[in-house]
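Commentary on secondary and tertiary structure
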Amino acid sequence: EKYRYDDPKNRKEGSVFLWSYVSVRRDSEVLSYRLGRYRDDRDTFVAHRSVGFSTLVHSEERTLFNLDDFGIVGSGVHAAKMDLDVPEVHSTRQIDRVVASLVHFIWVFQNTGESDLLAVINFECPKWFEPERRRLALNDLKWLDIRTLNNIDDFDPWSRSVLWPSQFTAKDS
């Protein structure tokens, strides 16, 4: 009972927001896109490349079926599926199953003195799925091989923290 849901636009001093940050992956590739103003209006995020789909985790996300992670994984996967129009596939075949797991948490400090907690989730995209750009906020949607990424400045602050965690201290984000 030590958590509550606050409106991010009316953030109270000392509030820390918990975000599900979903990295959509396919083997050694990660799905990326450029952020538009319809998605985020923070200058450090707009027009930068992102490798995650994020959503606030609400206190009501916790149900009887996800007591272990407070609904973090489910809310994140749901948000990524909505953004990418991933259809629900009801199947008993292992190959059709959605595989998503909570990898780690990253504490992100902003220049404003506020902080957020990112719950980084790896979402293994079905092999057959090719995303299409259907949202105004998603520009330049493409797969990137994470073994060959090198232009740190092209990415938004949260993506930098996820892709190159050893390069950034919490205060740099």
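Residues numbered from 1 in each chain as written. Predicted model: local features only at pLDDT ≥ 70, side-chain atom pairs only at ≥ 80, totals over all residues. Heavy atoms only, no water.

Some remarks on the packing of aromatic side chains
Convention followed: Any Phe, Tyr or Trp ring, taking Trp's six-membered ring, that has another such ring centre within 6.5 Å forms a pair; planes under 30 degrees apart are called stacked, those over 60 apart edge-to-face, and the others tilted. Numbering of helices and strands starts at the N terminus; helices are DSSP runs of H or I of at least 4 residues and strands are runs of E of at least 2. Buried means the residue's accessible area, taken with a 1.4 Å probe over protein chains only, is under 20% of the maximum for its type, while exposed means over 50%, and partly exposed covers the values in between.
One pass over the full model with this rule turns up four aromatic pairs. Where Tyr21 meets Trp158, the ring centres are 6.2 Å apart and the plane angle is 75 degrees; that geometry is what we call edge-to-face. Placement of Tyr21 in strand β1 (residues 16-26) and of Trp158 in helix α2 (residues 157-163) is noted, with a sequence separation of 137 residues between them. Judged by its relative accessible area of 3%, Trp158 is buried. Judged by centre distance (5.4 Å) and plane angle (70 degrees), the rings of Phe155 and Trp164 are edge-to-face. In this structure Phe155 comes out as buried when scored by relative accessible area, which is 2%.

Comments concerning the confidence of the model for the protein
Definition in use: Per residue, pLDDT captures the predictor's confidence, and it can take any value from 0 to 100. Contacts are assigned to residue pairs with any non-hydrogen atoms lying within 4.5 Å of each other.
Of all residues in the protein, 69% attain a pLDDT of 70 or more, and the chain-wide mean is 76. The least confident element of the protein is helix α1 (residues 72-84), whose mean pLDDT is 83; the most confident is strand β3 (residues 49-50), at 90. Under a pLDDT of 50 for its full length, residues 169-173 has, in the predicted model, ten contacts with residues more than four places off or in other chains.

Notes on the side chain of Ser50
Here is the rule: Distance and chemistry together define a polar contact, namely a pair of N or O atoms within 3.5 Å, with one atom able to donate a hydrogen and the other to accept it when in protein, and with adjacent residues in sequence counting only for side-chain atoms on both sides.
By secondary structure assignment, the location of Ser50 is in strand β3. At a separation of 3.1 Å, a polar atom in the side chain of Ser50 contacts the side chain of Asp156. Filtering out sequence-adjacent residues up to four positions away, Ser50 remains in contact with Tyr21, Leu31, Ser32, Tyr33, Leu35, Asp156 and Ser159.

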